[in-house]
Amino acid sequence: MNAQPPPLPSTAGPRLARLGLWLQLAPLIDVVPVLRRLWGLFQETQTRMLETGAMPDVALLSSLVRAAFSGSYVGTGLSLLGAVFILVAYVKHRHRPAWARMFLLAMAGLGLLSLMMLRG
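Residues numbered from 1 in each chain as written. Predicted model: local features only at pLDDT ≥ 70, side-chain atom pairs only at ≥ 80, totals over all residues. Heavy atoms only, no water.

Novice: Summarise the pattern of salt bridges; cite the residues concerned and give the values.
Specialist: Summed over all chains, the structure comprises one salt bridge. A salt bridge links glutamate 44 to arginine 48, with the shortest nitrogen-to-oxygen separation between them at 2.8 Å. Taken together, the residues glutamate 44 and arginine 48, both in helix H3 (residues 31-52) and four residues apart, mark about one turn of the helix. A relative accessible area of 37% means that glutamate 44 is categorised as partly exposed. For arginine 48, a relative accessible area of 42% translates into the label partly exposed. (Salt bridge = Lys/Arg side-chain N within 4 Å of Asp/Glu carboxyl O. Helix = DSSP H or I, 4+ residues; strand = E, 2+ residues; numbered from the N terminus. Buried < 20%, exposed > 50% of the residue type's maximum accessible area, 1.4 Å probe, protein only.)

Novice: Tell me about empty space enclosed by the protein, and please be specific about residues and values.
Specialist: Within the structure shown, the criterion is met by one cavity of 30 Å³ or more. Of the volumes computed, that of the largest cavity is approximately 50 Å³. Around the largest cavity sit Leu41, Glu44, Thr45, Arg48, Pro56, Asp57, Leu60, Leu61 and Leu64, which together line it. Broken down by secondary-structure element, the contributors of at least two residues to the lining of the largest cavity are H3 and helix H4 (58-68). Among the residues forming the lining of the largest cavity, the class breakdown is five nonpolar, one polar and three charged. (1 Å grid on protein atoms, 1.4 Å probe; cavity = no way out; pocket = protein on both sides within 12 Å on 5 of 7 lines; lining within 4 Å. Points joined across faces, edges and corners; volume = space filled by probe spheres on them. Nonpolar A, V, L, I, M, F, W, Y, C, P; charged D, E, K, R; others polar.)

This is the structure we're talking about:
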């Protein structure tokens, strides 16, 4: 009789979950540069206010703050991609460590809170 060996367990699930977990750190990479840009913006605004005595243009400040946070959007996108990787590992590959369930619940909760904040 030719007995077939049992199939090897898939390593894609644990690999995807680990990669997704590491991608959760992507927003932290850009924290220091964003803070440095915002501090420079604050100092520049303060200097202008002291020199001219007038309040700065709100539209200009808004565009500068938006530019300072532009790198954060990339980190947030990578973090979202990591969450999708963890979800795929959990659902498709049935890789279900204890931390994955808590992570997915926390992400769902944060997503609902974000939606409620957007709706105002």
